[in-house]
Amino acid sequence: MMMIHRRRLLATLLAAVVATSTAFQTSAPLLSSTPTRQSTNLFSSVPERTSESPQKPPLSTLVKRVAVAGATGRTGKLVVQQLLSQNVPVLALVRDTDKAMNTLDPTNELLTIRQTDLGSKDDVIAAVKNEGECDAAIWCATGFSDAPDQSFFTKVKSILGFAVNSKGSIDAVGLPALGDALSKSPKRTLTQGSDKSSPLPKVVMLSSAGVTRPDWSEEKKLELEGCAGIPIVRLNPFGILGVKKQSETELRNCGTEYTIFRPAGLNDKWPSGSRPIFSQGDVAVGRINRQDVATILVDLLSTPEATGKTFEGASIANSDGYYPPAESLSVALDRLTLDKDGVSEEVARATYAIMQQLLPGEKQAANELAMGQTYEQLDKDETGRLGEKGKEDIGVVGEKVLV
């Protein structure tokens, strides 16, 4: 009976997202770097679609070669696999070629592996230009993880893509370098209908939900505690969220077409093949499987509705086939606003209220989690692997540091 009620609740909530599309008048933008969007709609206008809309052509016909940064990482290798499975040539930008030879398939003729210092602008640009025909890139040197087999410091290094080094953050250097290298190449477009050609993103960035939250006012943090009080935001080790936020800004300003995807908590135990729920305003909390993240990143390369937008994503577990992923991302992403138009506080708060009801578990109180504690443990009043909230033991280079 509880499962039936939950399914009805989810269906009602999803319907509410659409139903609120005309319910709010926008005002001040949520992100200070973007202007106010003056509109009576919750989302940007959605063009009419019919069942006779043409199918998108294969990705291999829309791109010549895709550079993948962080190609040997847990998400990056999945992205490479998906691209190759669609007959898309891949340039894998890696730190360790030996690891790449063991992680990827060096026998695949569509794959080129190149050792690249992502902390060097010159090396990144040279890699893209010297290998030739690269007209798109996916930045995967990032991501949150709650896998139990890693130390916290190892996870932080994974999150930053080895960004903590003497040369500075690779996100702040390598990511805009990719944008600069591709900004002068011809636009990638998708022809929709007889006379409409829409730009496709050249750079797709894997960022993370939560990057703006440390900079929120104390009042806003209290009002939206369910997303501002989660462990990674509360602790923000090494200022990693600020690094990601700054790198997003660098990408937006580099002059090339882009898309920024901010997944919620990456969890390999969460069911894959689940329906993603996209939102804006950096209020999303929840889980999403890494395989689904890789699928989304690759799909964004052929989705013009994603160009020039930043958005978050979590997923609803596809229990018993009730919530399969949509056939296309286009309809959902059409409803989201362009970064240049901004996202209002009213929209952010309305989205927050809905997204909080889609959290895993029964308590649905992400702000009560300790670092390393799962929603299931919270429901059972069990302590997570790193200790109680506010007293987490975090291993940093062989030491235990009380945070």
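Before reading on, note that the structure itself is shown above.
I will try to describe carefully the structure that is included in this document. Values in this document were obtained by computation on a predicted structure and should not be read as measured data.

### Thoughts on the nonpolar core
Then, in step 1: Residues Leu83, Ile138 and Phe261 are the most contacted members of the largest nonpolar core, which totals 38 residues.
Then, in step 2: Where this core is concerned, the elements lending two or more residues are strand E1 (66-69), helix H2 (76-85), strand E2 (90-94), strand E4 (136-139), strand E7 (203-206) and helix H11 (290-300).
Then, in step 3: The greatest single-element share of this core, amounting to six residues, is contributed by H11.
Then, in step 4: With residues near it in sequence (within four places) discarded, leucine 83 still touches Leu59, Val66, Val68, Val88, Val90, Ile138, Val298 and Leu301.
Then, in step 5: If you look at the next biggest cluster of nonpolar residues, it comprises 25 residues, including Val124, Ala127, Met205 and Cys254.

### Some thoughts on the side chain of glutamine 280
Then, in step 1: Mapped onto the elements, glutamine 280 comes out in the loop between strand E10 (275-279) and strand E11 (287-288).
Then, in step 2: Among the polar contacts made by the side chain of glutamine 280, one reaches the main-chain carbonyl oxygen of threonine 310 at a distance of 3.0 Å.
Then, in step 3: At a separation of 2.8 Å, a polar atom in the side chain of glutamine 280 contacts the main-chain amide nitrogen of threonine 337.
Then, in step 4: Leaving out residues up to four positions away in the same chain, glutamine 280 has contacts with Thr310, Phe311, Glu312, Leu336, Thr337, Val343 and Thr351.

### Topic: helix H6 (residues 170-183)
Then, in step 1: Spanning 14 residues, H6 covers 19 Å between terminal C-alpha atoms, matching the ideal 20 Å at 1.5 Å per step.
Then, in step 2: Those residues of H6 not exposed but buried are Ile170, Asp171, Gly174, Leu175, Pro176, Ala177, Leu178, Gly179, Ala181 and Leu182.

### A word on the packing of aromatic side chains
Then, in step 1: According to the stated counting rule, one finds three aromatic pairs in the structure shown.
Then, in step 2: Where phenylalanine 261 meets phenylalanine 278, the ring centres are 6.1 Å apart and the plane angle is 75°; that geometry is what we call edge-to-face. Taken as a pair, phenylalanine 261 in strand E8 (residues 258-263) and phenylalanine 278 in strand E10 lie far apart in primary sequence, 17 residues in all.
Then, in step 3: You can call phenylalanine 261 buried: its relative accessible area is 0%.
Then, in step 4: Taking relative accessible area as the criterion, phenylalanine 278 reaches 13% and is therefore assigned buried.
Then, in step 5: Taken together, a centroid distance of 5.5 Å and an interplanar angle of 80° make the contact between phenylalanine 278 and phenylalanine 311 edge-to-face. With phenylalanine 278 in strand E10 and phenylalanine 311 in strand E12 (residues 309-316), this pair connects stretches of sequence that are 33 residues apart.
Then, in step 6: By the ring-pair criterion, three or more aromatic residues cluster together here, those being Phe261, Phe278 and Phe311.
Then, in step 7: Residue placement shows lysine 220 over the ring face of tryptophan 216; its charged tip is 4.3 Å from the ring centre.

### A few points about the environment of threonine 337
Then, in step 1: With respect to the helices and strands, threonine 337 occurs in the loop between helix H12 (330-334) and helix H13 (345-355).
Then, in step 2: Taking C-alpha positions, threonine 337 is 9.1 Å from phenylalanine 311, a pair spaced 26 residues apart along the chain.
Then, in step 3: One polar contact links the side chain of threonine 337 to the main-chain carbonyl oxygen of glycine 342, over a distance of 3.4 Å.

### Quick look at unusual backbone geometry
Negative phi values dominate among residues other than glycine, just as trans dominates among peptide bonds.
Then, in step 1: A positive phi angle, close to 60°, is found at asparagine 87, a residue other than glycine.
Then, in step 2: Along the chain, asparagine 87 turns up in the loop between H2 and E2.
Then, in step 3: For asparagine 87, a relative accessible area of 53% corresponds to the exposed category.
Then, in step 4: Phi at glutamine 364 is positive, roughly 50°, even though this residue is not glycine.
Then, in step 5: Mapped onto the secondary structure, glutamine 364 falls in the loop between H13 and helix H14 (375-379).

### Some details on the sheet that holds E1
Then, in step 1: On the basis of which strands lie adjacent, the open sheet formed by eight strands has the order E3-E2-E1-E4-E7-E8-E12-E10 and mixed pairing. The strands lining the two open edges of the sheet, one partner per strand, are strand E3 (111-115) and E10. In this sheet, adjacent strand axes meet at a mean angle of 20° when their direction is disregarded.
Then, in step 2: Where E7 and E8 come together, four bridges link them in parallel fashion. Looking across to E8, one finds that methionine 205 is bridged to isoleucine 260.
Then, in step 3: Here H11 sits on the sheet and contacts E4, E7, E8, E10 and E12; the angle it forms with E8, its principal contact strand, is near 165°.

Calculation criteria
- Residues numbered from 1 in each chain as written.
- Predicted model: local features only at pLDDT ≥ 70, side-chain atom pairs only at ≥ 80, totals over all residues.
- Heavy atoms only, no water.
- Core = buried A, V, L, I, M, F, W, Y, C linked by side-chain atoms within 4.5 Å.
- Buried < 20%, exposed > 50% of the residue type's maximum accessible area, 1.4 Å probe, protein only.
- Helix = DSSP H or I, 4+ residues; strand = E, 2+ residues; numbered from the N terminus.
- Contact = heavy atoms within 4.5 Å.
- Polar contact = N/O pair within 3.5 Å; in protein donor to acceptor, adjacent residues only side chain to side chain.
- Expected span 1.5 Å × (residues − 1).
- Phe/Tyr/Trp six-rings, centres within 6.5 Å; stacked < 30°, edge-to-face > 60°.
- Lys NZ or Arg CZ within 6 Å of the ring centre and 35° of its normal.
- Pairing = 2+ DSSP bridges.
- Axes fitted to C-alpha atoms, helices over the stretch in contact; angles between N-to-C directions.

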